[in-house]
Amino acid sequence: GAPLLTALHKHSRHGDSRHSKLLKEVTAKASVPWFDMLYDWTVRGLLMDGTEFFISQKEEYQNMWHEKYVVDIEKVPEGILDQDLVHTILMVGKGINFIRTCLFDVEWSLTLS
């Protein structure tokens, strides 16, 4: 999760070039599942794992748009994702999820070219 990716990123900035290169390779491989979750959210509006990703879904809510999804800023890996993008990522996934859920178009997803 985020603590591991943050720690790997911080250690990859070590002054020893061999150490840094190794840690950058490990970080790249270790971050693949996290980036898969980011992709699913920003392109398909789907949360595949609410425990590791920085966006989670509440079980009970009154207002889908304002309350269903929450951000846990401590789960944003430092050095992997800019903090300024967190709100934008939340809004993109919520919008796509809204289209799929409220407009009954469950097959809809963002087409990347």
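For the structure, see preceding data.
Cut-offs used in this document
- For every chain, the first residue of the written sequence is number 1, and numbering continues from 1 onward in sequence order.
- The model is predicted, so local features are restricted to residues of pLDDT at least 70 and side-chain atom pairs to those at 80 or more, both for listing and for counting; the totals for chains, interfaces and linings are taken over all residues.
- Values shown for side chains rest on all heavy atoms present in the structure; no hydrogens or waters enter the calculation.
- Should a side-chain nitrogen of Lys or Arg be within 4 Å of a carboxyl oxygen of Asp or Glu, the pair is scored as a salt bridge.
- Secondary structure elements follow DSSP: runs of H or I no shorter than four residues count as helices, runs of E no shorter than two count as strands, and numbering proceeds from the N terminus.
- Three labels apply to residues, based on accessible area from a 1.4 Å probe with only protein chains included: buried if under 20% of the type maximum, exposed if over 50%, partly exposed otherwise in between.
- Axis definition: a line fit to C-alpha positions, over the contact stretch in the case of helices; interaxial angles, taken between N-to-C directions, run 0 to 180 degrees.
- Each angle is binned into one of four classes, with values under 35 degrees roughly parallel, values over 145 roughly antiparallel, values of 65 to 115 roughly perpendicular, and all other values oblique.
- Crossings are assigned a handedness: left-handed for a near helix turned anticlockwise from the far helix by less than a right angle, right-handed for a clockwise turn.
- Should any heavy atoms of two residues lie within 4.5 Å, those residues are considered in contact.
- Each residue is assigned to one class: nonpolar for Ala, Val, Leu, Ile, Met, Phe, Trp, Tyr, Cys and Pro, charged for Asp, Glu, Lys and Arg, and polar for all the others, Gly among them.
- Grouping buried Ala, Val, Leu, Ile, Met, Phe, Trp, Tyr and Cys residues that are joined through side-chain atoms within 4.5 Å yields what is termed a nonpolar core.
- By definition, the arc is the one covered by directions from the helix axis to the C-beta atoms.
- Here, expected helix span is obtained from the residue count minus one, scaled by 1.5 Å.

Asker: Honestly, the pattern of salt bridges in this entry has me stumped. Any pointers?
Answerer: A side chain of one charge can pair with a side chain of the opposite charge when the charged atoms of the two come close. Per the counting criterion, the structure on display carries three salt bridges. For Lys 10, the salt bridge identified is with Glu 78, shortest N-O distance 3.7 Å. One end of the pair, Lys 10, is in helix α1 (residues 2–12); the other, Glu 78, is in the loop between β2 (69–71) and α5 (86–102), with 68 residues separating them in the sequence. A residue is classified by how much of its surface remains accessible, and Glu 78, at 41% relative accessible area, is partly exposed.

Asker: Explanation requested: the packing of α1 against helix α2 (residues 17–30) in the structure shown.
Answerer: Axes are the key here: two packed helices are described by the angle between their axes and the distance separating the axes. Where α1 meets α2, the closest approach of the two axes is 8 Å, and the angle between their N-to-C directions is 155 degrees. Between α1 and α2, the angle falls in the class roughly antiparallel. Between α1 and α2 lies a crossing of left-handed hand. Of α2, the residues touching α1 (which contributes Leu 5, Leu 8, His 9, His 11 and Ser 12) are His 19, Ser 20, Leu 23, Lys 24, Val 26, Thr 27 and Ala 30. The residue inventory of the contact of α1 with α2, partitioned by class, reads five nonpolar, six polar and one charged.

Asker: What is the right way to look at the nonpolar core in this model?
Answerer: Nonpolar side chains tend toward joint burial in soluble globular proteins. Among the nonpolar cores identified, the biggest contains 15 residues, and Trp 34, Trp 41, Phe 53, Phe 54, Ile 55, Leu 81 and Ile 89 are the most heavily contacted of them. Contributions of two or more residues to this core are made by α3 (32–44) and α5. Broken down by element, the residue count for this core peaks at four residues, all from α3. When near neighbours in sequence (up to four residues on either side) are disregarded, Leu 81 contacts Trp 34, Phe 54, Val 76, Val 86 and Ile 89.

Asker: In this structure, what is going on with the environment of Glu 25? I would like to understand it.
Answerer: Mapped onto the fold, Glu 25 is located in helix α2. As for Glu 25 and Leu 47, which are separated by 22 residues in sequence, their C-alpha atoms are 26 Å apart.

Asker: Whenever I open this one, the side chain of Ser 12 confuses me. Can you help?
Answerer: By secondary structure assignment, the location of Ser 12 is in helix α1. Among the residues examined, Ser 12 registers a relative accessible area of 3% and is labelled buried. Aside from chain neighbours lying at most four places away, what touches Ser 12 is Ser 20, Leu 23 and Lys 24.

Asker: Quick question: what am I supposed to make of α1 here?
Answerer: Quick reminder: α-helices carry 3.6 residues per turn. Residues three or four places apart thus point the same way. Taken residue by residue, α1 has Ala 2, Leu 5, Thr 6, Leu 8, His 9 and Ser 12 as its buried positions. Seen end-on, α1 carries its buried residues on one side only, within an arc spanning 165 degrees.

Asker: Got a minute to help me understand α5 in this structure?
Answerer: Relative to the 24 Å expected for 17 residues at 1.5 Å per residue, α5 spans 23 Å between its end C-alpha atoms, a close match to the ideal helical length. Considering only its buried residues, α5 is in contact with α3, β1 (55–57), α4 (64–67) and β2. Directly beyond the C-terminal end of α5, a positive phi value near 55 degrees is found at Phe 104.

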